[in-house]
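Each chain is listed here by its residues.
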Amino acid sequence: MSTEKLAIHGGPKTIVKPLKRYNSIGIEEVKAAMSVVESGVLSQFLGCWDPDFYGGPKVQEFERACEAYFGVKHAVTVNSWTSGLIAAVGAIGIEPGDEVIVPPWTMCASATAILHWNAIPVFADIEPETFNLDPKSVEDNITPFTRAIMAVDIFGHSCDIETLMEIAKRHKLKVITDSAQSPGVFCNGRMTGTFADVGGYSLNYHKHIHTGEGGILVTNDSYIYERLLLIRNHAEAVVAAKGVDNLANMIGYNFRLGEIESAIGIEQLRKLDGFIGGRQQAAQQLTNGFRELPGLRLPMVKPGCSHAYYIYPMILDIANLGVSRHKICSALESEGVVGLAKGYSNLHVLPMFQKKIAYGSNGFPWSSDICRREVSYAKGICPVAEDLHDSSFMAFEMCLHELNDEEAHLIVKAFKKVWSQISSL
Ligand SMILES: *Cc1c(COP(=O)(O)O)cnc(C)c1O
């Protein structure tokens, strides 16, 4: 045990060199981007019914590569995963006022994508073990107006997708999975994102692989695939010539990914398994080092599942440690540990939901006739998520740092040092 004075009490810092920033981009991506620039074709989309409705060669090559990698019939690239989520909600045929169940522990776009179609997000609580949607809470929140579940594979680990699919089948609901943080992750032999009616991944710079900005939608449903393509690319201008009869949600956007990003994406996808392997190795080092620390619960990986550690989640046993999360994190930060998250997003407490102000200033859609009941976003609707956020959840944001062996070792050392003198905090 270290007897050195804690940095927060004026002792020496454990980590003095800044942690290396995660960078997944290499020479292969440089060459791929250059060759697109040299070709002069940076995009080849046309927003009308034409062979170029499907985009240029790199967009299509990237989509076929994604279909092979994720093991799905169809992949559709988009210019962000936020765009992908909006396209997904529209494509499954959500109507204004329909309710869609979503966890509060996710990035805000999982919920706002629902609002974009004037549908109503309903928050269900999370499981304290995986931080993903709790199927029991989902069932408790189903009403006659529920039409879909927006499941999220948070932090790099699958939600209980098989149970959620079974609930959805019983209640005739559609399912979308937001696997932004979990590409290439397995659950019982299948990849996250591929169980639902539609799923997908983010390609922003702090995700496992990236193209600057971008996203990938995946589905095995050919009808949903067609709707995704249309919403991505000016549906309203295409439907007549394409012979599309169902005009519901055929308001299109420009959600198209460029050729440069697609060319980079092809190279990134080839490296994804390697990146996940590196992340798992670093996480294993943390787990091995943290295991002996009392009052610290480490990430659980469900049998048959893998974890990609976008975030390395932990729970502090505050009652037994007798010290607040704030004090522990301050001590760790003083030792030079960066990328510590204290709590995670509880979306339902955002001003948008607390005040129910989204479109315009008069409470639309909640205040209008399309919203068929009073939906509550009051504090207390998701007690597990709220309690974890308020007092005991702590995480290391692995998405921002590569963590080589030496860095992982230093982080473990800093934790051990703080734990050895925790009663002095
Ligand atoms: C990153 C992320 C998104 C949004 O993806 P963008 O590509 O940044 O639009 C949505 N949901 C979750 C869970 C995310 O982590």
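As the structure is a prediction and not an experimental result, all values here were calculated from the model.

A. Structural detail: the domain arrangement of the chain. Examined at the domain level, the chain breaks down into domain 1 (7-24 + 272-343 + 385-424) and domain 2 (27-268). The C-alpha-based centres of domain 1 and domain 2 are spaced at 31 Å. On the domain 2 side, the residues contacting the 29 residues of domain 1 number 31 residues. With both sides pooled, the region where domain 1 packs onto domain 2 buries about 2,500 Å², and carbon together with sulfur makes up 60% of that total. At the surface where domain 1 touches domain 2, the tally comes to zero salt bridges. Listed by contribution, the elements that provide at least two residues to the side of domain 1 that touches domain 2 are helix 9 (259-290), strand 11 (312-316) and helix 13 (383-392). When grouped by side-chain class, the residues that make up the side of domain 1 that touches domain 2 number 19 nonpolar, five polar and five charged.

B. Representation of the layout of surface pockets. Considered as a void within the structure, the largest pocket measures approximately 360 Å³ in volume. Around the largest pocket, the lining is made up of 26 residues, and of these M107, N204, H206, K207 and Y310 lie nearest the centre. Looking at the lining of the largest pocket, the elements that each hand over two or more residues are helix 3 (81-91) and helix 4 (109-115). Per-class residue counts for the lining of the largest pocket are 13 nonpolar, nine polar and four charged. No fewer than three residues from each of domain 1 (7-24 + 272-343 + 385-424) and domain 2 (27-268) sit in the lining of the largest pocket.

C. Quick peek at empty space enclosed by the protein. Applying the stated rule across the entire model yields one cavity of 30 Å³ or more. Empty space within the largest cavity amounts to approximately 50 Å³. Surrounding the largest cavity, E129, T130, F131, I154, F155, H157, P299, M300, H307 and P313 form its lining. Looking at which domains feed residues into the lining of the largest cavity, each of domain 1 (7-24 + 272-343 + 385-424) and domain 2 (27-268) gives three or more.

D. Representation of the pattern of salt bridges within the structure. Inspection of every chain in the model, using the stated rule, returns 20 salt bridges. The partner of K271 in a salt bridge is E28, and the shortest N-O contact between them spans 2.8 Å. Of this pair, K271 sits in helix 9 while E28 sits in helix 1 (residues 27-39), and the two are 243 residues apart along the sequence. By relative accessible area, K271 is classed as partly exposed at 21%. On the accessibility criterion, E28 (36% relative accessible area) is partly exposed. The salt bridge partner of E374 is K356, with a shortest N-O separation of 3.4 Å. Here K356 lies in the loop between helix 12 (351-354) and helix 13 and E374 lies in the loop between helix 12 and helix 13, a separation of 18 residues in the sequence.

E. Main features of the environment of H234. Relative to the helices and strands, H234 resides in the loop between helix 7 (222-232) and helix 8 (235-242). Its relative accessible area of 26% is what places H234 among the partly exposed residues. Sequence spacing of H234 and Y377 is 143 residues, and the spatial spacing of their C-alpha atoms is 34 Å. Discounting chain neighbours no more than four positions away, the residues touching H234 are G47, G252, Y253, N254 and R256.

F. Looking closely at the packing of aromatic side chains. Applying the stated criterion to the full structure yields 25 aromatic pairs. Geometrically, the ring pair formed by F70 and Y201 is stacked, given 4.2 Å between the ring centres and 15 degrees between the ring planes. Of this pair, F70 sits in helix 2 (residues 57-70) while Y201 is found in strand 8 (residues 198-202), placing the two residues 131 residues apart along the sequence. The exposure class assigned to Y201 is buried, which follows from its relative accessible area of 1%. Centroid distance W105 to F393: 4.8 Å. Interplanar angle 75 degrees. Geometry classified as edge-to-face. With a gap of 288 residues between them, W105 in the loop between strand 2 (99-102) and helix 4 and F393 in strand 13 (residues 393-396) connect regions that are remote in the sequence. No difference in accessibility class separates W105 from F393, as the two residues are buried. These aromatic residues form a ring-pair network of at least three members: W105, F131, F155, Y344 and F393. Directly above the ring of F195 sits R190, whose terminal nitrogen or CZ lies 4.4 Å from the centroid. Taking the ring centre of Y22 as reference, the NZ or CZ of R279 above it sits at 4.6 Å.

Scoring rules and cut-offs
Residues numbered from 1 in each chain as written. Predicted model: local features only at pLDDT ≥ 70, side-chain atom pairs only at ≥ 80, totals over all residues. Heavy atoms only, no water. Domains from an automatic or database assignment. Contact = heavy atoms within 4.5 Å. Buried area = accessible area lost by both parts, 1.4 Å probe. Salt bridge = Lys/Arg side-chain N within 4 Å of Asp/Glu carboxyl O. Helix = DSSP H or I, 4+ residues; strand = E, 2+ residues; numbered from the N terminus. Nonpolar A, V, L, I, M, F, W, Y, C, P; charged D, E, K, R; others polar. 1 Å grid on protein atoms, 1.4 Å probe; cavity = no way out; pocket = protein on both sides within 12 Å on 5 of 7 lines; lining within 4 Å. Points joined across faces, edges and corners; volume = space filled by probe spheres on them. Buried < 20%, exposed > 50% of the residue type's maximum accessible area, 1.4 Å probe, protein only. Phe/Tyr/Trp six-rings, centres within 6.5 Å; stacked < 30°, edge-to-face > 60°. Lys NZ or Arg CZ within 6 Å of the ring centre and 35° of its normal.

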